[in-house]
Every structure is written in structure tokens, then in C-alpha cells.
Amino acid sequence: MMGQFGDLRELYQEVIFDHNRRPRNFHALEEATHRADGHNPLCGDQLTVYARVTDNVVDEVSFIGHGCAISTASASLMTEAVKGMPVGEVENLFRDMHAMLTDSHPDRDLGKLEVLSGVREFPARVKCATLAWHTLHNAITQARETAKTE
Amino acid sequence: MNRAADFPILNREVHGRRLVYLDNGATTQKPLAVIEAEAGYYRESNANIHRGVHWLSQHSTDLYDRSRERVRSFLNARHVEEIVFTRGTTEAINLVAASWGRNTLKKGDEILLSGLEHHSNIVPWQMVAEQTGAVIRVIPVTDSGELDMQAYAGLLNEHTRFVGVCHVSNALGTVNPVADIVRMAHEVGAVVLVDGAQAVAHQVVDVQALGCDFYAFSGHKLYGPTGIGALYGRKALLDAMPPWQGGGDMIHTVSFERSTYAETPQKFEAGTPNIAGAVGLDAAIAYVQEVGLEGIAAHEHALVKYASESLAGIPGLRFIGQARERAGIVSFVVDGIHPHDLGTILDMEGVAIRAGHHCAMPLMTRFGLPGTARASFALYNKLEDVDTLVAGLHKARRLFGMEQSA
């Protein structure tokens, strides 16, 4: 299978298909304390990220919306990764993810989120992967505007 | 038709594969004749126009004028003064909106736009509507992607001052019955602008036969350079319209008290124009005329037919837009695979398509879709290109676990 799809396997790893088919935490969150909308006007990807922050910890996080496999999987993986994380750590992770997706790999291993690192080789798709992260960043920093990756 | 050899870029590879360029609705590739014409202009003929003391300036002016005459004959306009050079379709529509619209429309007037329009024939009118108090109304689109002509008839009334419609839909390929649309609009005294961006490369256009008041197109979708296009406007209308940009070349006399303006079309062409672009456009139209638009239309019709039949064999593929008359475009979605993912996977096969909303977000909303995948054809495409597209779509389905390897 690897040979048949070549470089595409770097982008579309099995974990990504799994999260695209069955996105985790894919629902609205009534008890959210923070929420933000994200939109990529170029491709029409649209999502809303919800977070409940208690004692400076993101103890619940979810999302709804629609997008391509990369943006959906990235959002789903993100909700798994940040649930239970202090807000400051989420912000650090946002920075490291952003670096991994756009520029250079951060010093630390990002665990399961590493499956998204292949995006860097597909410049047209970087914004798909960063959308959810920008939106979460906006939500928890209380920025009011819709996050845009265009 | 086998003219691919005229297009040098088609020899290049993308991701190690032969380039299969199916994004002609976005822009077409350029034949060597056009590339050489533009380069040759800079090599041999460059000077500013209408500064005619020296020979080279007169020569450059002649080339620019020759291009305008070529556009006139291409559209079968009555007078060469009816052709205004612009940066493209978008600027042509903005010219009409800013000059004619802003000075003509009043509160309560109705602007009627088709639901198939590209953003470039929506947003300029929204801006004018905001400034004038005119109201925008929309001609609905049927499930097959055609304009609802009965609804159109019902929308026309004594308040309708303007109708804006594309000749061919850029998202679906629908060919609109423009002559009928114009005739009905004229019955209520409305002015009609036709966005011809997706039409001119695919069929013969005769503005007198269509009867329209304005017709806009871009050179770069017609095998010509980017940054050059034209607006056709009926002379009486253009003569009555004020300039929209001021500067050099559009004036008759200037003093600090008062300036007088040049005649149509110069009064709409402020500043040094895209002369090299006009020269390239001249070469592009000459090329298309040499190949023959009837032959191009027949070739593309065959490609669309073959693509429709071949794509229909892909499980979960649904066509968006099944108009009876279509030109050069097949728009579709595949169950379970977002158009953007299709675009990336096809790109790795060397196949360039457009994935997204095609700058027609209201139309996508009408179909309840964030976007579609669009294959759009040109005279250099081959049946084999369609086969590569189909093979790429099967590969996408295999990658997404929807199909087993053959």
C-alpha cells in the first residue's frame, strides 16, 4: 500500500482517516465558557470550537463544523490532546503545533499530533491543519473575531 | 484537434507526472504565439502610446489600436469605440458599476443578478446598492443548475434598471439563454451586462446578436496574458457615462480650474495601459480564430461528454449542474471525500483541478455544499486527460478506504 500512494501517505496517515471518519468530541458544548468560530474562506472550511475552562484548566473541549479530512482530523486530534490541560500549556502547544505545521519541528515530541507533520510538505494544505488551532487559541484568549487562516 | 504542441508549459512535469491541466476555468495556458508576441513587443516595439512625436510611440500606438480592432471584430461590435480595455472582467464590471451604476441608480431601483454569478458580478453591485439605495434581487437557480426563466420573468418590473448575468457559469458550466434574457430585460427598459469570462474561449460571441448593453471578458481565460481584458459597451451608453478614474490619457485638456475629457473609449482608460497585454491579447484572439472557435467548441463538447460518461462510473460521484446546455466544465462531488482532499490527491497525479467554492459562494449555498471539484477544459485537452482524472479519483477512493486495489 505504501508504494501505491507514495508521498500522499505522509499527509494522509491512517490516524487522520480514523479521526476524519469518526471525529472525537464532535458536538456543541452547552456549558462552554469559551467559544470561537473559525473559517477558511478559500476552501469553505467552517468550524466552531467550544471550551470549558475551570480553574485555568481546559477541562472540556469540543467542536462542530465541516471541512476536509485534514481540518477535521486536526480539530479532532486537538480536542483529545488539550482536554485537561492548563490554559498556559495549551498556548505552548498551539505555538509548537504552529511551528511543526508551518516552519520547523519544535524541540519536543508532540506525540500523536505528529501524524499531522506531513502537512508541511503540502503548502496548500497547511491552513486546513492550523484552522482548529487558531480557533481554539482565539476562544481561550477571548478574541471575538472569527479566526481565519486566509 | 491536436494543438497541445503549441503550449510549451504542457511539456512540463508536476510531481514527476505529465501535467494534466484541467483548471482552464481559472486561467488557460498560453500558446507560444502569445508568449512571443508579448516578449516581442518589449524586444522590438516598446514605447508609450499616444505620445506620438517619435516613430516608436506611433508604432506602439498602432499595435494597441490593432488589438482594439481585433477585439471589436471578435465580439462583432459595431464600432471600435465600443471596446474599452480593462485589467479583466472584474475591472470591466467595476467600471460599469462605478460609472453607469453610481450615476444612474436611485433609491428603490432594482438590480437583478442571476444566482449563478461569480463574486465579481455581485460585490460591485452590492457596493453600488449601498451607495445609491438600489435593491438587489436574485434570479433563482433550478436543481439542474439553470436559471429559472419563469421566475426571471416574474422578477422583471418597472423598477428593474439593471440585469447582470453570466454567459456561462464558471462553477457549473451552464450556458444561459442570454439573448432571451436581454430581450425580456429591454422590454422593461433595463440595461443588461453579460459576464463573458467563461464564454469567449468556448463559443462564438456576437454582441449584436445577443443585444446586450455591456459584455465583459478577460484575456487570460482566452489563452492571452493576465492583466488585460475588455468591456464592450453600446456607444450611446458609454458616451453618456462619466469617467471613473482620472489621470493621463483620459483627458482632452487640463487646467487647475477644469479638465475636459477625452472621447469614448479613451476617457475610461486613465494612465498608461497594459500595452504589452493588449498585444498579447491580439495574438491570443488571432490564435483562437486560426484554430477556429467552432472546432474548439465541438472538441470541448466531446471532452465534457466523455468526462460525464467516465465520471458517472465512479461510485458516490454526483454531478452538480446538469444544465441542458453546458460549456467546458464538469463540476462534481464525491461522497465522503472533501473537494480539497480530491484536489491534493489529483495534484500528486499531475492533474490540476479547482476545488472549492469557485468564487460563487451564494451558488454553493444554493446547493448546500461548501464547494465542488471542477474539471474545466480547453482546446489542448485530450480524452486521455479525462482517463487520468478518472484514475486519480479511483486512487482517492482507495486511499480513503472506499475501494479495494484493482
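Whatever comes next refers back to the structure up there.
Okay, so let's go over this structure. Here the structure is a predicted model, which is why all the values come from computation and not from measurement.

What counts, and where the lines are drawn
Residues numbered from 1 in each chain as written. Chains lettered and ligands numbered in written order. Predicted model: local features only at pLDDT ≥ 70, side-chain atom pairs only at ≥ 80, totals over all residues. Pairing = 2+ DSSP bridges. Helix = DSSP H or I, 4+ residues; strand = E, 2+ residues; numbered from the N terminus. Axes fitted to C-alpha atoms, helices over the stretch in contact; angles between N-to-C directions. Contact = placed C-beta atoms within 7 Å.

1. Considering the sheet that holds strand β8 (residues 191-195) of chain B
Residues and elements named next belong to chain B.
In step 1: The strand order β4-β10-β9-β8-β7-β5-β6 describes an open sheet built from seven strands, whose pairing is mixed. The outermost strands of the open sheet, each flanked by one partner alone, are β4 (83-86) and β6 (135-139). Strand after strand, the sheet turns through a mean of 20 degrees between neighbouring axes, direction not considered.
In step 2: Of the strand pairs in this sheet, β4 and strand β10 (residues 229-233) are connected by four bridges, and their pairing is antiparallel. Bridge assignment links Thr86 to a residue of β10, and that residue is Gly229.
In step 3: Lying on the sheet, helix α4 (residues 123-132) is in contact with β5 (110-114), β6 and β7 (160-166); it crosses β6 at an angle near 145 degrees.

2. Some words on the sheet that holds strand β13 (residues 317-319) of chain B
Residues and elements named next belong to chain B.
In step 1: Pairing is antiparallel across the open sheet formed by four strands, whose spatial order is β13-β14-β17-β16. Of all the strands in the sheet, just β13 and β16 (354-356) have a single pairing partner and so form its edges. Adjacent strand axes in the sheet meet at a mean angle of 30 degrees when their direction is disregarded.
In step 2: Bridging between β13 and strand β14 (residues 329-334) involves three bridges; their strand directions are antiparallel. Counterpart to Leu317 in the pairing with β14 is Val334.
In step 3: Its contacts with the sheet put helix α10 (residues 293-311) on β13, β14 and β17 (372-376), and the angle it makes with β14 is roughly 15 degrees.

3. Some remarks on the interface of chain B and chain A
In step 1: Chain B puts 13 residues into the contact, and the matching count from chain A is 16 residues.
In step 2: The greatest single-element share of the side of chain B that touches chain A, amounting to five residues, is contributed by helix α11 (residues 339-348) of chain B.

4. Comments concerning unusual backbone geometry
Residues and elements named next belong to chain B.
In step 1: For the bond from Thr264 to Pro265, the omega torsion is 0 degrees, close enough to zero to count as cis.
In step 2: In this fold, Pro265 is placed in the loop between β12 (259-261) and α9 (275-291).
In step 3: Look at His15: it is not a glycine, yet its phi comes out positive at around 50 degrees.
In step 4: Along the chain, the position of His15 falls in the loop between β1 (13-14) and β2 (17-18).
In step 5: Although it is not a glycine, Tyr223 sits at a positive phi angle of roughly 70 degrees.
In step 6: Following the sequence through the fold, Tyr223 ends up in the loop between β9 (214-218) and β10.

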